[in-house]
Every structure is written in C-alpha cells, then in structure tokens.
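Coordinates in review
What follows is the residue order along each chain.
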Amino acid sequence: MILKKGLAAMLAAVTVFGLAGCGGSEEAATGENTTATNTGFVEKKVEPVNFESGVELTDDCYHFIYALGNAPATIDAAKFFKMRLEQESGGTLSCDIYTDNVLGSERELLEGCQFGNYDIVLATNATVASFENDIFCLDIPWLFDNKQQVYEVLDGPLGDRLAAGLEDSGFKLLQWQENSFRTLSTNKPINSMSDLQGIKIRIMENELQLQQWKNYGANPTPMAFTELFTALQQKTVDAQDNGAELTWQTKFYEVQSHYTYTKHIYSPYLILMSKEKFDGLTPEQQEIVLKVSDEAVAYERERCSEYEATAIENIKNCGSMEYSDLSPEAKAEMVAACEGLKEMAYEKVADPSVVDLLYSEVEKAKAKFPAEG
C-alpha cells in the first residue's frame, strides 16, 4: 500500500500533460476568484479538470465501470485514473465513470461491486464497515492530529490488514482516498462541550458515531445525506459534521450560522474493485491497475487539500457563517468524553486485535509526524 518512490515528480509532469489536453485556462488551474455574490463576497473556486490520455483505444479495449458520488476531488482523481490507465495499457484498458451515485447509493454500489456487477466503486469507511466489521475501528474519534499521521497509518500495516479482510468479503482495496477531517456546523457558537448539550445533530448510521455524540450530551439523529439540507432548513436538526469542502459545496452556509474546525474524526474514502474482476485480469493488467491507483490517490490527496483550503477561505469570508477553531480546552473535554469508545470498538470489530494494531500504528505515526504547534 506504500506509494511508489519518485511518484511526486511523475505526477507533476503528467498533471501538466493532462491539463494541457483539456485546455484548462490559467485562471482555472490556479483557482482564481470567479463568482461574485450580491453581498460583494467573491467566491474562490477550484475548477474541475479533464484529462486526455492522447492514446487511441483498441477495438477490444475493456472498459471498467467506475461508480462514485459527487465529491469533486474524487471525481478529478477518477478522470486522472482513466487517463493513466489508458496510457499504461496502451489503450487496452479504460473506464466509464459514473458520478453522483447515479448507479445507486453507496450500499447499492458496494453490493454491485461485491457480486461483480460494477468493477470499481468509491465508498466511505462507515458504509464499508457494514460489509467488513474490522473497518469499524476507523470510527474511533480523536485518533489523528494531522493528515500525515493518517496517511502513515492507512498506507502501512493497519491498511494492509484491513485490505486483507476486505478480500474475504469480495473486494480488492485499490487505495484509501482523502475525505478530510470531519468538522462541525451549527446555529450557535461552540466554545465548550456544554454548548453541545441537547443539540440535534445529523450523523451517519453508525453506532460508534452515535455514541460519540451522546457522550457530548448532544441528540444525534441518523439521516441520509440527501435529506440533510432540508432538515437543517426546517430545523429538524440544527447541526451536522462533514468536511469543509462538502460543507461549502452543499451550501450549508445558507442554513447554518457557525462553523467550528473540530477535526474530531477522519473518515477516508475507499476505492474498491470487485475481487472477482481483479482476479480475472492478467498479472500485467493487475500491475497496471495497482500502479495507476497509487498515482491517482497521490493526486487526489493533494487535490482534496486544495479544495478544502479553498472552502475554508470561503467560509471565513462569505459573511453568513462565523468561523472558529475548536479551543484546546473544549477539545480536551470532548476527547475525555470519548475514552470509552475504544472498548466499544473492541465489541464491534470481528477481530479485536485490529484495534490494538490501530493504536500502536497511530502512536508510531504521532512520533514521526507530531501535532502542529
């Protein structure tokens, strides 16, 4: 799972080629301000890209079905994957990309992939955990201080251990993709854990996340993401936790007044391939898929950080949302409230030793990449 040496230099060169192929303007490539609002606020945007491989596909080219949601960085990475797949295979392999979950919900995509109906799908760890219980260990909050620690753990022995379990469930893990830290938007300032008392927050349907918010004194409500904006608008719930980019992209600033950069949990995306389809490839084709997946995840992680930084800047400047960082004191309260979730994780996973491996790998990662400041 470790990214290949020299990948950064290759990515720089191939990204330039891809951008040239799509005719992207300098403004689009640099993310210049593009859209003005009535208030005078000028939204900063990261423009999506299109990559052209420059390779003519063969008559017998095999097209993977690649299905995912609407997160911009993951869509950019899928296009990057397609370009590099065509280049590395000489036009004998390509993929047809289906975004916005048009082929089904995450669960439906995973079921389709499991039985070989779809070749490659993207899903969040919380959804995948219902197919492979050891993934539940990643729902423990407050594990990581920064993304470097996350990558060190997911690209190491813990990631390999979870990947092996996924194979038993019919999946081939291609990579862990970036989904950023979860943060918090509310209708009041959050200066201490007591400010969460009784707050109605939408969460994913996940037992560890449910218990986390109960421990803070909040009133967590599992709800489909597609229902969230309307629920916030109608005050059915009054808070949500997602990454900065998704919070901005979904226009929660129209129905939420406060944004707190909590980083309380890191929820990765998983790029999964049907194990049956992967095993049916030739060794040479398998090598190409794995190589291109390594390249695509390196690109996606950088791209996601760009989207995230831009979203935070927009949130700070839009005028309709008050931005704040979570204070060290509030964080300490919330971390202490979640101490018992490790024991709950032992009960949720299939093999409790995976939780021990997680904590030992996190400790090593923290020693290698200490918290900022």
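Structural notes, computed from the coordinates. (Residues numbered from 1 in each chain as written. Predicted model: local features only at pLDDT ≥ 70, side-chain atom pairs only at ≥ 80, totals over all residues. Heavy atoms only, no water.)

**Some remarks on the layout of surface pockets**
Computed from the structure, the largest pocket encloses a volume of approximately 1,200 Å³. Around the largest pocket, the lining is made up of 43 residues, and of these Glu106, Thr124, Arg202, Met204 and Phe225 lie nearest the centre. When its residues are assigned to classes, the lining of the largest pocket shows 17 nonpolar, 15 polar and 11 charged. Looking at the second largest pocket, its volume works out to about 300 Å³. Contributing to the lining of the second largest pocket are 13 residues, with Asp145, Thr262, Lys263, Leu326 and Lys331 lying nearest its centre. Counting only elements with at least two residues in the lining of the second largest pocket, the list comes to strand S11 (258-266) and helix H13 (328-337). (1 Å grid on protein atoms, 1.4 Å probe; cavity = no way out; pocket = protein on both sides within 12 Å on 5 of 7 lines; lining within 4 Å. Points joined across faces, edges and corners; volume = space filled by probe spheres on them. Nonpolar A, V, L, I, M, F, W, Y, C, P; charged D, E, K, R; others polar. Helix = DSSP H or I, 4+ residues; strand = E, 2+ residues; numbered from the N terminus.)

**A few points about helix H15 (residues 353-368)**
The end-to-end C-alpha separation of H15 is 23 Å, in line with the 22 Å expected for 16 residues at 1.5 Å each. Burial in H15 covers these residues: Val354, Val355, Leu358, Glu361, Val362 and Ala365. Take H15 and look down its axis: the buried residues cluster within an arc of 130 degrees, on one side only. Those residues of H15 that are exposed and angled more than 90 degrees off the buried face are Glu363, Lys364 and Ala367. Contacts made by the buried residues of H15 are with helix H6 (147-154), helix H7 (157-168) and helix H14 (341-348). (Expected span 1.5 Å × (residues − 1). Buried < 20%, exposed > 50% of the residue type's maximum accessible area, 1.4 Å probe, protein only. Arc of directions from axis to C-beta. Contact = heavy atoms within 4.5 Å.)

**Some remarks on the sheet that holds strand S6 (residues 171-177)**
Reading across the sheet, the five strands line up as S4-S3-S5-S12-S6 and stay open at both edges, with mixed pairing between neighbours. The open sheet has two free edges, formed respectively by strand S4 (93-98) and S6, since each of these has just one partner strand. On average, adjacent strands in this sheet sit at an angle of 25 degrees to one another, irrespective of strand direction. As paired elements, strand S3 (residues 62-67) and strand S5 (residues 120-124) share two bridges and run parallel to each other. Looking across to S5, one finds that Ala67 is bridged to Val121. Together, S3, S4, S5, S6 and strand S12 (269-274) form the strand contacts of helix H3 (residues 72-89), whose direction differs from that of S4 by roughly 165 degrees. (Pairing = 2+ DSSP bridges. Axes fitted to C-alpha atoms, helices over the stretch in contact; angles between N-to-C directions.)

**A look at the pattern of salt bridges**
Considering all chains together, one arrives at 22 salt bridges under this definition. Between Lys82 and Glu86 there is a salt bridge whose closest N-O contact spans 3.2 Å. Of this pair, Lys82 and Glu86 both sit in helix H3, four residues apart, roughly one helical turn. A relative accessible area of 7% places Glu86 in the buried class. With a shortest N-O distance of 3.3 Å, Glu306 and Arg303 are connected by a salt bridge. (Salt bridge = Lys/Arg side-chain N within 4 Å of Asp/Glu carboxyl O.)

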